[in-house]
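# Summary of the model geometry
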Amino acid sequence: MSVSDTPWKHAFHSGMSSSADLRAATDLGLPVGVVAPLLTTRQIFLTLPKHLDAGGKLFVDSGAFSAFQKRTSMDWEKVFQTYETLINQTVQTGNLSIVAPDVVGDQASTLDLWAEHAQRVKRWIDAGSRVIVPLQVGRLSAGDLLEEAFKLFGTRKLCAGVPSNLAAMTANDAATIRHGDFHILGRVVLTPELAEKLSAILQSNPDAQLTADANWLRARTARISSLASALPRSNVPFDCRRSRAIKELLVVDGYHQLAHRFSSAPLTRPACTS
């Protein structure tokens, strides 16, 4: 079985929560990633459901990692209401990927959160959305933790969320997972460490679907600013220069343009035995 040019079925352009940035990505119909607590009412009720209904793919993060970095508490009710509004506002719930509640770096607390909110998470799954369960390291292996998630939520229709940081989950730990749907949290571009982790996953799950998300804007701030300053003003409402600059850059430097680079990465799938 040969490696495709890109390992990702969808690569989400995360960091697109502001209106101008989100408009650029959704206008192009690209897979987009946002953070639930940062979304506006208009985005939740109009912009994102429209994107989903048109066939666009959407990844919605809970914001737990940002809260971990800032040492702030999570308002889970606000996050859940955002998820549920998006589910209720679209006819294409299968295009929506949402991240289950978790505590970064704390497997036991993550399991407690899953148990506490199991019924609510089940409703999201039953509605057709793709629920990503972040597999935090701890006493259980990644594979055993995912099996616990299957039991708690009463279904195997979950996506295994794999932290991209090697310290957060080793390749050996990733190899313990047996599943068909994976999402790499926080990285799209293949590093040698991520390629090792993906190879371990594919050795155990040769036909697995792989998706990923990463902040596309952060590394391109200077280029976007330069492009925007060179563009003329527009008389079209809401058509700001930043949005147009991001759109231009996405066309030539979006994650879909990385496809040809993946083919040379040290990522292998097991050979077919048939």
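Look a little higher up for the structure.
The structure contained in this document is the topic of the report that follows. (Residues numbered from 1 in each chain as written. Predicted model: local features only at pLDDT ≥ 70, side-chain atom pairs only at ≥ 80, totals over all residues. Heavy atoms only, no water.)

### Regarding a nonpolar patch on the surface
Applied cut-off: Patches were defined on residues exceeding 30% relative accessible area and lacking a salt bridge, with like-charge contacts within 9 Å and nonpolar side-chain contacts (Val, Leu, Ile, Met, Phe, Trp, Tyr) within 5 Å. Note on areas: Shrake-Rupley, 1.4 Å probe, and residue coverage restricted to the protein chains presented here. A pair is scored as a salt bridge if a Lys or Arg side-chain nitrogen falls within 4 Å of a carboxyl oxygen belonging to Asp or Glu. For the purposes of this entry, the term helix denotes a DSSP run of H or I that reaches at least four residues, the term strand denotes a run of E that reaches at least two, and both are numbered from the N terminus. Any residue under 20% of the maximum accessible area for its type is buried, any over 50% is exposed, and the rest in between are partly exposed; the area is computed with a 1.4 Å probe on protein chains only.
A cluster of nonpolar side chains, L28, V251 and V252, forms an exposed patch at the surface whose accessible area comes to about 240 Å². Here V252 is to be found in helix 11 (residues 241-253). For V252, a relative accessible area of 55% corresponds to the exposed category.

### Describing the packing of aromatic side chains
How two aromatic rings sit relative to each other is set out by the distance from centre to centre and by the angle between their planes. Put simply, the rule is: Any pair of Phe, Tyr and Trp rings, taking the six-membered ring for Trp, is counted once the centres come within 6.5 Å. Such a pair is stacked with planes under 30 degrees apart, edge-to-face with planes over 60 apart, and tilted for the rest.
Within this structure, the stated rule accounts for 6 aromatic pairs. Seen from their ring centres, F80 and W124 are 5.1 Å apart, and the 65° between their planes marks the pair as edge-to-face. Residue F80 is found in helix 4 (residues 76-89), and its partner W124 is found in helix 6 (residues 118-126); the two are separated by 44 residues along the sequence. W124 carries the same exposure label as F80, and that label is buried. By way of ring pairs, the aromatic residues W76, F80, Y83 and W124 are connected into one cluster.

### Focus: helix 2 (residues 41-53)
We apply this condition: To estimate how far a helix should reach, multiply one less than its number of residues by 1.5 Å. Here the bend at each residue means the angle between axes fitted to two seven-residue stretches, the one ending at that residue and the one beginning there. Contact definition: two residues touch when any of their heavy atoms are within 4.5 Å.
Between its first and last C-alpha atoms helix 2 spans 18 Å; for 13 residues at 1.5 Å apiece the expected length is 18 Å, and the two agree. Considering bend angle alone, the principal kink of helix 2 is centred on T47 and spans about 30°; proline P49 follows within four residues of it. Contacts from the buried residues of helix 2 go to helix 1 (19-27), strand 2 (32-35), strand 3 (58-61), helix 4 and strand 4 (96-99). Of the residues trailing helix 2, G55 is marked for its positive phi of about 100°.

### Examining unusual backbone geometry
Positioned with a positive phi, R71 is a non-glycine residue whose angle comes to about 60°. Assignment of secondary structure puts R71 in the loop between helix 3 (64-70) and helix 4. A relative accessible area of 80% places R71 in the exposed class.

### Considering the pattern of salt bridges
For side chains bearing opposite charge, pairing can occur when the charged atoms are close. Inspection of every chain in the model, using the stated rule, returns 9 salt bridges. Residue D181 pairs with R130 through a salt bridge whose shortest N-O separation is 2.8 Å. Of this pair, D181 sits in strand 7 (residues 181-185) while R130 sits in strand 5 (residues 130-134), and the two are 51 residues apart along the sequence. Here D181 falls in the buried class, since its relative accessible area comes to 14%.

### Some details on the packing of helix 1 against helix 11
The condition is simple: In this analysis, axes come from line fits to C-alpha atoms, helices being fitted only over the stretch in contact, and the angle between any two N-to-C directions falls in the range 0 to 180 degrees. Angle categories: roughly parallel below 35 degrees, roughly antiparallel above 145, roughly perpendicular from 65 to 115, and oblique for all the rest. We call a crossing left-handed when the near helix sits turned anticlockwise from the far one by less than a right angle, and right-handed when that turn is clockwise.
Contact geometry of helix 1 with helix 11 gives a least axis separation of 8 Å together with a crossing angle of 40°. Compared by their axis directions, helix 1 and helix 11 come out oblique. The chirality of how helix 1 crosses helix 11 is right-handed. Taken together, the residues of helix 11 that come into contact with helix 1 (itself represented by A20, D21, R23, A24, A25 and D27) are R242, S243, I246, K247 and L250.

### Comments concerning the pairing of strand 8 (residues 209-215)
Put simply, the test is: Here the rule is simple: two strands pair whenever DSSP picks up at least two bridges between them. For crossovers, right-handed means that the path from the first strand over the helix to the second runs clockwise, given strands pointing away from the viewer.
Of all the 7 residues making up strand 8, 5 are buried; the element is thus mostly covered by neighbouring parts of the structure. Pairing analysis gives 5 bridges linking strand 1 (residues 10-14) to strand 8, with the strands arranged parallel. Note on strand 8: the bridge partner recorded for F12 is D213. Both strand 7 and strand 8 contribute to a ladder of 5 bridges, which runs parallel. Within strand 8, the position partnered with D181 by the bridge is Q209. Between strand 7 and its parallel partner strand 8, the chain crosses via helix 9 (residues 192-204), and the hand of that crossover is right-handed.

### Concerning helix 7 (residues 142-153)
In plain terms, the rule: The directions considered for the arc run from the helix axis to the C-beta atoms.
Taking 1.5 Å of rise per residue, 12 residues should cover 16 Å, and helix 7 covers 17 Å from first to last C-alpha, within 8% of that figure. Those residues of helix 7 that sit buried are A142, G143, L145, L146, A149, F150 and F153. Mapping the buried residues of helix 7 onto a view down its axis gives an arc of 160°, with all of them on the same face. Check the buried side of helix 7 and you find it contacts helix 5 (107-116), helix 6, strand 5, strand 6 (159-163) and helix 8 (171-174).

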